[in-house]
Each structure stands twice: as C-alpha cells, then as structure tokens.
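Overview (structure and organization)
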Amino acid sequence: MAAERTPRFVTEEPAQVDRWFDRITLAAGVVVLVLLTLVGLFLLLRSRDALSVTGVWEFLTRAEWRTDVKPARIGVLGLVMGTVLVAFTAVAIAVPFGVLAALFITEYSSTRSRRYLTALVDLLAAVPSVLFGIWGFRFLSAQIEPLSRWISRHFSWIPIFATGKHPRFSGSIFIAGIVVSLMALPIVASVVREVFAQTPPGEKEAAFALGATRWGMIRLVVLPFGRGGIIGGAMLGLGRALGETIAVALILPQVAQVVFHILENGGATVSGFIANRAGSDDFTTSGLMAAGLVLFFLTLGTNMVASVVVSHSRSGAGVEL
Amino acid sequence: MVVAVPATRTRRPRRPVERTTDDVLTLAGSGVSAVSVCWLLFARFTDGVGWFGFLLCTFAVFLAIFYVVTAEHHGTLVAADRVATAVVVCGAVALLVPLTWLIGYVVAKGLPTLRPNFFFDDQRGVTPLMPASAGGGSHAIVGTIEQVGLALSWSLPLGLLAAVFLNESRSKWRRPVRIFVDAMSGIPSVVAGLFIFAVLILPFAKHYTVFSFNGLMASLALAMIMLPTITQTITVVLRLVPDGLREASLALGSSRVRTVWSVVLPTARTGMTTAVVLGIARAVGETAPLLFTAFGYDLMNPNPTSGAQDSLPLFVFKNVRKPDISAVDRGFAGAFVLMLIVLALFGLARYIGRDRSKQSSNRRRVPRLSSLQERFQR
C-alpha cells in the first residue's frame, strides 16, 4: 500500500523501442554520408590507371584527349575551361531573369499571377534536360545564330566574342549557355525569392512612408537586404550549370581543346564529354573517371561555398539550403 | 512672377499604382517608336541581327524612350519607377516564352509521327530507310517504368528514414548528415552513373550478370539522384507538422516511434506524396546516369536484372543523334511521350498538394505545400 503512494520516478531514459528507432534512423542518415564519401573514393580508385600513365599535374593542365598514341595524352584543361565558360554564360543570363522573376513574385504580382508564375518556374525545373537538349540542338540554335553573327561582326574586339576566319555559329558555347541558363534559372529564382520574401516589412514600410516609389524601396531595402541571397543563388545556379550533361552533350561538338571563342562552333564540358564517351575501352573509362572526379570536386566546392555564403548573409540566415 | 498657391488648387489624391489614359498612351507610343527606330536601324541602315537580337534591341530602345518621355512629364523619380516596373513585368513574362516554345516544339515535331504502335512495338526489324512511324518505343517505356519503380523502392525507404532522422531525432550527427545530403543533391547526374559503373559494373560484370549493364544498375544510379531530393523534400514537409501534435502525443505517453508512425507521418502524408511524385518526375527524365548503367537497347527486354535495357530519355537521346531523318522523328515521338509523362506527374503532384483549406475548413490539418515545391527545385 505504501509503495503505491510514493511518487513515480520520472526518467529520461528512452524506451527500448525508441533506442532501436534512434539506431535505425541514424543508420539511414549515415548511409547517405557513406555513399557520398564512397563516390569520391571509388572515382579516385578507378581513375588511378589513367592518372598513373599521364600524371596528375599533366592531366589537369593538358588540353587534348588522345588515347591512340603511346603513352596516351589525355587532360581535362579544355573540358574544365569549357564547363566553366558554359556555366558562367548560363549564370550571367539566369541571374538577371531569376532576380526579375523573384521581384515580380514578391513585390509586383497579385496573388493569382504569383501562383501561376511560381508554378511556371517549378515546371521549368521539372522539364527533363534531354528535352531542353533536343530543343536547343534542333531549333533554338538556328534562331540564335544571326545574333551570334551580328555580335561577332561588331564586337569582335572583345576577346571572348572574337571568331576564326570562317566561323560556324551553330553548336557554340554561347548557345549551350543559353539552354543551360533555363535549367539553372529555377534554382536561382527560388533561392532569391525565398530571400526577398524575408525582407523585414518594417523597413519596406519605412521606405514607403518616407516617400519612396516602389522601385526606390526595392533599390534601397530589398536588393541590399537580399544581396547575400542573390550571390548564393547565383552560385547554386553555377553548381547546377557545371553538372549539366545531356543538353550540353547534344549541343557542343565535345572536342577536348581550350576554346575561348564562345560564339563559335566548338568547346566541350566535362559532363558532356563523359556522356559522349560512355562505353569506351578500359583506359578511356579510367580517364573519364578522373574527369568525373574533377567535376565532382568542382560542383561540390561551388555548392559548399554557396551554402556558406547564403547562410552567413543577413538575409539568408533563416533560409534552408 | 506668378506664385502657385497650392491651397487653391483642387488636386485629386493620386494612388501610386494608378494608370491614366496618358500613361497607356505613353507606353504604346514608346513601344511603336522603339519598333520603328530599330526597324530603321537594322533593316535599312545596317545588316540584320535576326529576330532575337531585334527583340532585345527594341526592348532596350523602348526602355530609353519610355524613360525620357515619362521623365518629361513626371520627373525622373517616377520615370525610374515605371521603367523598373516595365523591366520586371517583361522579365517575368519572358520566362513564359521558352517554356511554351519548348512544349510547342516538342508537340509539333512529335505528334505527327506518333502512332498507337509506338506503345506496343519495339525497334525489331526497323531499318534506317523505313518511315518514322515504323516500330515503336514500348521497350523504352517498359524500361523507364521498371527502372524508376526500382529506384523508388530503394530511395523512398532510405530517404524517408533519413528525413525522419534529420527532423525527429536529437542525434549530434544530424548536422553532418544534413550537409552531406545537400552536397549529394548537387552532384552531377552523370557522376552518379559513373559511380555505379565504377563500384559494381567494372569489378563484377565478368562474374555475375546481375552486375553488368542492366535495368537494376540503372535503378541504383537513379536512386543516387532521387535519394537527396526525396530526403530534402520530406524533411521540409515534416518540419511543417505542428510541434503541438508531437508534444500532445508524447504527453499521452506514447513512444517516439509511435509518435512518428501514428501522428507525424499521417499528418504529413499528402505532402510526402507530392514530394515522391515530384521526385519521380525528375528521375523519369534523367538520361546521363543511364548511359553508364542501362546502356540502351533497341529491343524489348522486360527483365531488369539481365541484359541492357532502354529507357525513354535514352531512346530520345540516341535517336535524335542518328543521321537519318526517320530516326530523329522517332526520337521526337519519344520526346513527346516523355513530356506527357512528366507533365502528367507534375499535374498530379500539384493536384495532390493543392490548397484544400478553401473547400472545407473542418478537414484534418494538412501541411501547406507551397514551400515544398520550392524545395523540389534543389
């Protein structure tokens, strides 16, 4: 009788079933951790054949891909340059449009048009990259050519717009960049929108109360507040653009040389090159693994820096990436 | 010298967003003059720039004229505001153009060659000289369904558990796992294919047919891509479940497992379904990882564990690159079917995740999904 009267001892000790719950979910989390590590590890392991023949430094600084000579002369410099050029072209186009879309959604639109535009950006993210690829390759390329020709004729004094003697304007880095920009745009727009939506309403109202026009308010409050988010969104878009494969594989001719003339036919990207050489002999495959490793670290680094930039900016502190 | 006396003037208060006839005329006038100027410039005085360049230049000239005219009337402050509005609205509308164009193009090219036999035949006996409507892509459709289905069966349980781990546990490993999930969502899809190729196919293909080019390997590569997406989206949905529900469940004495299983997951069910459907929509269109895993095949191979298999995106990719026109057209028919599937999945996701709060207010609380769809883009 007396025993029942003593208060029950409350413990924080989890029940047996909860302990198993913790273990199983932890295991699932750790699997993800292990998988990513394995990706890097195995690519490194499999690329050893190629790297031991060419040497790491030569592989990184050589811009040709010849497996017919002995010893093979393969290197990723041209591929990496092409990847970076395509990605920067894409981001240069995607960021202004992403910011405009985000501004429209957060500051200008009515509720209804906001819903439609959000759905539209989502849909853009859902369209398979192979469809973008065939559209760019078969259709858009021909539409952009006159513009490329005009730019090259009048602005060829700017080094990247220069072309060779008898340039062909199809299959250029410029066109690939335009197509990839459509795929980078959704992520840029969504990050920037999320950041803009967190602008403190008090500051916006203060600007209006001081007589600012809507553009004045955006210029003085929204854009400075969202600067970190814009930079971070641009870098995430860059990460997406660096890894884009199929559309680029369809559009660019994929020769492993350094190409600076973005308006001209030519250029290659790491991912597109890998996709085009699928099913090659063992040594080439080993080289592709090494190229994949370079791409892996390139995108990983970009995405890491991007998330640090966003989360350390004032506006992005609450934004989950 | 005349001094204006503001008190005697009757001024109607003017709302900032008001639009008068004058404004509309200014807008239209600027537009017409911009088109005229650019037409003169490009069609008469210099060489052509193509319609795309023409549009760009016209827009720039339009903005300049619009600014000058508005500044004349209302001052530079208002002019800057109106020009900014024009830029933002046009920029947002411009997003509509490539998408409708892309969809229109794929429909226009794919629909004419699409015959019912596309869904029932494979490429058996099809030669380059045959018309595009000969043969079909049933082998690719079957491959896609099998690969994506298998990929879902790997990535859904794991992703769900990982999301529960990230959101419902108190482990100190949450932060590194979250960072790795985010990092994993950024890896290029072709690298996922390379990884499966390097880990399973290269070392084991000689000894076991299970580990050669086949649908199973493709499903593993696709799962690598789906896993971070599913984990991230489900994490977002779980975060939307009100803490009060969890606390109520725990206060009633249930274990954490019971809380997750009977309270958290059922509440988030709609959101999770949307997340999964969007994950499928993304995986259906992936091509790059399949090049190293499924490899592609022209004939029907319903067995995912043995032999190369085709899939719809792969079918499109390979056919569009062939030199003969009929193959290209066949590729476009496949592209049309692929686009239909993706659009259907997208519509399904939006239908499941629609905002039902307007229709019935006494329904069980369902997490809102607007933020989930943002997450999908990552």
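Residues numbered from 1 in each chain as written. Chains lettered and ligands numbered in written order. Predicted model: local features only at pLDDT ≥ 70, side-chain atom pairs only at ≥ 80, totals over all residues. Heavy atoms only, no water.

1. Let's talk about the overall build of chain B
Defined as follows: Per the convention used, a helix needs a DSSP run of H or I reaching at least four residues, while a strand needs a run of E reaching at least two, with both numbered from the N terminus. A simple rule labels every residue: compare its accessible area, found with a 1.4 Å probe on the protein chains alone, to the largest value its type can have, and call it buried under 20%, exposed over 50%, or partly exposed in between. Any two residues whose heavy atoms approach within 4.5 Å are treated as being in contact. All accessible areas in this document rest on Shrake-Rupley with a 1.4 Å probe, and a residue is counted as covered only by the protein chains that are shown.
When helices and strands are tallied, chain B shows 13 helices and zero strands. Going through the 378 residues of chain B one by one, you find that 48% of them count as buried. Residue pairs in contact within chain B that sit at least 24 positions apart in sequence constitute 71% of those at least 6 positions apart. Surface accessibility of chain B: about 18,000 Å² in total, with carbon and sulfur atoms responsible for 67%.

2. Description of the overall build of chain A
Our working rule: For a compact globule the rule gives 2.2 Å times the number of residues to the power 0.38, and the radius of gyration it is set against comes from C-alpha atoms. His is not counted here, nor are the chain ends, while Lys and Arg score as positive and Asp and Glu score as negative. To locate a charge, take NZ of a lysine, CZ of an arginine, CG of an aspartate or CD of a glutamate.
Across its full length, chain A holds 14 helices and two strands. Here the C-alpha atoms of chain A give a radius of gyration of 25 Å, more than 25% beyond the 20 Å that 2.2 N^0.38 yields for 321 residues. Considered along the principal axes of its C-alpha atoms, chain A spans approximately 100 × 60 × 30 Å. Put simply, of all contacts in chain A between residues at least 6 apart along the chain, 74% involve residues at least 24 apart. With 26 positive and 20 negative side-chain charges, chain A shows a separation of 8 Å between the mean positions of the two kinds.

3. Description of the packing of aromatic side chains
Note the cut-off: Any Phe, Tyr or Trp ring, taking Trp's six-membered ring, that has another such ring centre within 6.5 Å forms a pair; planes under 30 degrees apart are called stacked, those over 60 apart edge-to-face, and the others tilted. The rule for a charge over a ring is simple: NZ of Lys or CZ of Arg within 6 Å of the ring centre, and within 35 degrees of the ring normal.
Counted under the stated rule, the structure contains 20 aromatic pairs over all chains. Each ring, one from Phe 42 of chain A and one from Phe 195 of chain B, has its centre 6.4 Å from the other, and the planes form 80°; the classification is edge-to-face. Taken as a pair, Phe 42 of chain A in helix H2 (residues 16–46) and Phe 195 of chain B in helix H6 (residues 189–204) lie in two separate chains rather than in one. Among the aromatic residues, ring-to-ring pairing joins Trp 135 and Phe 139 of chain A together with Trp 101, Tyr 105 and Phe 332 of chain B into one connected group. Directly above the aromatic system of Trp 20 of chain A lies the positively charged group of Arg 23 of chain A, at a separation of 4.7 Å from the ring centroid. Residue placement shows Lys 318 of chain B over the ring face of Phe 295 of chain B; its charged tip is 5.2 Å from the ring centre.

4. Some points on the domain arrangement of chain B
All names here are of chain B. As a reminder of what qualifies: Where each domain begins and ends follows an automated or database-derived domain assignment. Buried area: the accessible surface (1.4 Å probe) lost by two parts on joining, summed over both. A 3.5 Å cut-off defines polar contacts: any pair of N or O atoms within that distance qualifies, except that in protein one atom must be a possible hydrogen donor and the other a possible acceptor, and neighbouring residues in sequence count only when both atoms are side-chain atoms. Each residue gets one label: Ala, Val, Leu, Ile, Met, Phe, Trp, Tyr, Cys and Pro are nonpolar, Asp, Glu, Lys and Arg are charged, and the others, such as Gly, are polar.
Once the domains are mapped, chain B shows domain 1 (21–108) and domain 2 (131–355). Each of domain 1 and domain 2 was reduced to a C-alpha centroid, and the two centroids are 42 Å apart. Between domain 1 and domain 2, the contact holds four residues from the first and four residues from the second. Taken together, both faces of the contact between domain 1 and domain 2 bury some 410 Å²; the carbon and sulfur share is 90%. Linking domain 1 to domain 2 there are zero residue pairs in polar contact (both at pLDDT 80 or more). Partitioning the side of domain 1 that touches domain 2 into residue classes produces four nonpolar, no polar and no charged.

5. Here we look at the confidence of the model for chain B
Residues and elements named next belong to chain B. Applicable threshold: Per-residue confidence from the predictor is reported as pLDDT, which spans 0 to 100.
Put simply, chain B has an average pLDDT of 85, and 88% of its residues get 70 or more. Every residue in residues 360–367 scores below 50 in pLDDT, and together they form 10 contacts with partners more than four places removed in sequence or on other chains. Under the prediction, the complex receives an ipTM of 0.88, its pTM being 0.87.

6. Observations concerning the packing of H2 of chain A against helix H4 (residues 138–168) of chain B
Condition: Simply put, an axis is a line fit to the C-alpha atoms, just over the touching stretch for a helix, and the angle between two N-to-C directions goes from 0 to 180 degrees. Our angle categories are set so that under 35 degrees counts as roughly parallel, over 145 as roughly antiparallel, 65 to 115 as roughly perpendicular, and the remainder as oblique. Handedness of each helix crossing follows the sense of rotation of the near helix against the far helix: counterclockwise by less than a right angle gives left-handed, clockwise gives right-handed.
Their axes nearest at 8 Å, the elements H2 of chain A and H4 of chain B cross at an angle of 110°. Taken as axis vectors, H2 of chain A and H4 of chain B run roughly perpendicular relative to one another. The element H2 of chain A and its partner H4 of chain B pack so that their crossing is left-handed. Across the interface between the two elements, Phe 21, Ile 24, Thr 25, Leu 26, Ala 28, Gly 29, Val 31 and Val 32 of chain A from H2 of chain A touch Leu 158, Leu 161, Ala 162, Val 164, Phe 165 and Glu 168 of chain B from H4 of chain B.

7. Description of a nonpolar patch on the surface
Threshold: Surface patches are drawn from residues lacking salt bridges whose relative accessible area is over 30%; two like charges belong together within 9 Å, two nonpolar side chains (Val, Leu, Ile, Met, Phe, Trp, Tyr) within 5 Å. Just to be clear on terms, a salt bridge is a Lys or Arg side-chain nitrogen sitting within 4 Å of an Asp or Glu carboxyl oxygen.
Nonpolar side chains collect at one region of the surface, where Trp 20 and Ile 24 of chain A together with Leu 161 of chain B lie side by side and expose about 280 Å² of accessible area between them. Of note, Leu 161 of chain B is situated in helix H4.

8. Let's talk about the interface of chain B and chain A
At the junction of the two partners, chain B supplies 94 residues and chain A supplies 90 residues. Between chain B and chain A, the buried area comes to about 8,400 Å², and carbon and sulfur atoms account for 76% of it. If you look at where chain B meets chain A, you find two salt bridges. The closest approach of N and O atoms between Asp 22 of chain A and Arg 256 of chain B, which form a salt bridge, is 2.7 Å. Here chain B is connected to chain A by nine residue pairs in polar contact (both at pLDDT 80 or more). With 18 residues, the top contributor of residues to the side of chain B that touches chain A is helix H3 (residues 76–110) of chain B.

9. Structural notes on the side chain of Asn 301 of chain B
Residue and element names in this part refer to chain B. On the secondary structure map, Asn 301 appears in the loop between helix H10 (269–284) and helix H11 (312–320). A distance of 3.2 Å separates a polar atom in the side chain of Asn 301 from the backbone nitrogen of Asn 303. Within the local environment of Asn 301, its side chain forms a polar contact with the backbone oxygen of Ser 306, the two atoms lying 3.1 Å apart. Not counting chain neighbours up to four residues away, the residues in contact with Asn 301 comprise Glu 146, Ser 306, Gly 307, Ala 308 and Gln 309.

10. A look at the environment of Val 24 of chain B
Residues and elements named next belong to chain B. On the secondary structure map, Val 24 appears in helix H1 (residues 21–45). What makes Val 24 partly exposed here is its relative accessible area of 44%. Expressed as a C-alpha distance, the spacing of Val 24 and Gly 307, which sit 283 residues apart in the sequence, is 65 Å.

11. Remarks on unusual backbone geometry
Of note, Gln 254 of chain A is a non-glycine position whose phi angle comes to about 60°, a positive value. Mapped onto the fold, Gln 254 of chain A is located in the loop between helix H12 (246–251) and helix H13 (270–276). Exposure remark for Gln 254 of chain A: the relative accessible area of 5% places this residue in the buried category. Although it is not a glycine, Phe 295 of chain B sits at a positive phi angle of roughly 75°. Looking at where Phe 295 of chain B falls in the secondary structure, it is placed in the loop between H10 and H11. On the basis of relative accessibility, which here comes to 28%, the residue Phe 295 of chain B falls in the partly exposed class.

12. Section: the packing of H11 of chain B against helix H12 (residues 325–352) of chain B
Residue and element names in this part refer to chain B. Direction vectors running N to C along H11 and H12 enclose 155°, while the axes themselves pass 8 Å from each other. The angle between the axes of H11 and H12 places the two elements in the roughly antiparallel class. The element H11 and its partner H12 pack so that their crossing is left-handed. Facing H11, whose interface residues are Leu 312, Pro 313, Phe 315, Val 316, Asn 319 and Val 320, H12 presents Ala 327, Val 328, Arg 330, Gly 331, Gly 334, Ala 335, Val 337, Leu 338 and Ile 341. For the contact of H11 with H12, the per-class residue count stands at 11 nonpolar, three polar and one charged.

13. Regarding the pattern of salt bridges
As enumerated under the stated definition, the model contains eight salt bridges over all chains in all. Residue Arg 73 of chain A is joined to Glu 64 of chain A by a salt bridge in which the shortest nitrogen-to-oxygen separation is 2.7 Å. Among the residues examined, Arg 73 of chain A registers a relative accessible area of 37% and is labelled partly exposed. For Glu 64 of chain A, a relative accessible area of 22% puts it in the partly exposed group. For Arg 66 of chain A, the salt bridge identified is with Asp 68 of chain A, shortest N-O distance 3.4 Å. Residue class for Arg 66 of chain A comes out partly exposed when judged on its relative accessible area of 37%. For Asp 68 of chain A, a relative accessible area of 57% gives the class exposed. Through salt bridges with shared partners, a single ionic network connects Glu 168, Asp 243 and Arg 246 of chain B.

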